[in-house]
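# Observations on the model geometry
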Amino acid sequence: MRKLLTAALSFSAAVYICHYLLPRKLWLIAAFLCIALSALGFLFKGDMRVRIFCLCLAFSVGIGVYAIHYGAKVLPARVFTDIDMEISAVATDYPTVIEGAYTSLPIKLGGEDTPHLKALLYSYGGEINELKAGDKIKANVRIKPSDSRYGEEYD
């Protein structure tokens, strides 16, 4: 059980470090460095050897998983940032009216010129209040990334 805890903490630490501390250009170097450091496990015996392997390899896998997620989800969405465009989408759930001020609707983008991503559609006029899951939508929108607000990075 402690070996699993070691691997889980190491994986989580890698994701945290990649997201908050380590620049993207150093991710691959850090992953390979951790794999190389796992060779130190051969100098030890028993549980210490296994812990070193778990620590280093889980850290390396954490960096790899985060890098793959970033490359597959975040970077493709940034191409469409702050561009006015017409999108086609399908509602994936029912709309949620938030404090009577606006409505949020989870959608799946589709179409030829749009990324195939999940997104939240916000409406301040109540135009989407009557939609249901499965309804198709065409709209003129401006896509904004969820990790920046007012031009600054945000988590």
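Here's what I pulled together on the structure shown here. Every chain's residues receive numbers from 1 upward, in the order its sequence appears when written. Reporting in this predicted model follows two pLDDT cut-offs: at least 70 for local features of residues, and 80 or more for side-chain atom pairs to be given and counted; totals over whole chains, interfaces and linings ignore these cut-offs and use all residues. For side-chain calculations, the full set of non-hydrogen atoms in the structure is used, while hydrogens and water are omitted.

### A few points about the packing of helix α2 (residues 27-37) against helix α3 (residues 47-78)
Interaxial angle, 0 to 180 degrees, is taken between N-to-C directions of lines fitted to C-alpha atoms, where a helix line uses only the stretch in contact. A run of H or I in DSSP counts as a helix once it spans at least four residues, and a run of E counts as a strand once it spans at least two, with each numbered from the N terminus. Viewed as axis vectors pointing N to C, α2 and α3 meet at an angle of 160°, and their least axial separation amounts to 8 Å. In terms of orientation, α2 lies roughly antiparallel with respect to α3. Of the two possible hands of crossing, α2 and α3 adopt the one that is left-handed. In this structure, α2 contributes W27, A30, A31, C34, I35 and L37 to the contact, and α3 contributes I52, C56, L57, F59, S60, I63, Y66, A67 and Y70. Across the contact of α2 with α3, the residue classes break down as 14 nonpolar, 1 polar and no charged. Working definition: roughly parallel below 35 degrees, roughly antiparallel above 145 degrees, roughly perpendicular at 65 to 115 degrees, and oblique for all remaining angles. Each helix crossing is assigned a hand: it is left-handed if the near helix lies turned anticlockwise from the far helix by less than a right angle, otherwise right-handed if that turn is clockwise. Contact definition: two residues touch when any of their heavy atoms are within 4.5 Å. Residues are grouped as follows: nonpolar covers Ala, Val, Leu, Ile, Met, Phe, Trp, Tyr, Cys and Pro; charged covers Asp, Glu, Lys and Arg; every other residue, Gly included, is treated as polar.

### Some words on the side chain of S60
Looking at the element boundaries, S60 is found in helix α3. For S60, the side chain forms a polar contact with the main-chain oxygen of A31, separated by 3.3 Å. The term polar contact refers here to a pair of N or O atoms within 3.5 Å; inside protein, the definition further demands a hydrogen-donor-capable atom paired with an acceptor-capable atom, and it admits residues adjacent in sequence only when both atoms are side-chain atoms.

### Regarding helix α1 (residues 2-20)
With 19 residues, α1 should reach 27 Å at 1.5 Å per residue; the first-to-last C-alpha distance of 26 Å fits that figure. The inward-facing, buried residues of α1 abut α2 and α3. Multiplying one less than the number of residues by 1.5 Å gives the expected span of a helix.

### Focus on the nonpolar core
Here, nonpolar core refers to any group of buried Ala, Val, Leu, Ile, Met, Phe, Trp, Tyr and Cys residues whose side-chain atoms link them within 4.5 Å. Three exposure classes are used, based on accessible area relative to the maximum for each residue type with a 1.4 Å probe and protein chains only: buried under 20%, partly exposed in between, and exposed over 50%. Judged by nonpolar contacts, the single largest core of 13 residues is most densely connected at I87, L105, I107, L109, L121, I137 and I143. At the level of secondary structure, the elements contributing two or more residues to this core comprise β1 (84-91), β3 (102-110) and β5 (136-142). Looking at this core, the element that brings in the most residues is β1, giving 4 residues. Among the nonpolar cores identified, the runner-up in size contains 11 residues, and A14, C34, F59 and Y66 belong to it.

### Some remarks on the state of the cysteines
Count a disulfide wherever a pair of cysteine sulfur atoms falls within 2.5 Å. All chains considered together, the criterion is met by 0 disulfides. With no disulfide of its own, C34 lies 5.9 Å from the sulfur of C56, the closest cysteine sulfur. Summary of cysteine pairing: C54 is not part of a disulfide, and the nearest cysteine sulfur, belonging to C56, is at 9.8 Å.

### Describing the environment of K138
As for its placement among the helices and strands, K138 is situated in strand β5. Sequence separation of K138 and I87 is 51 residues, and the distance between their C-alpha atoms is 5.6 Å. In contact with K138, other than residues within four places in its own chain, are E86, I87 and S88.

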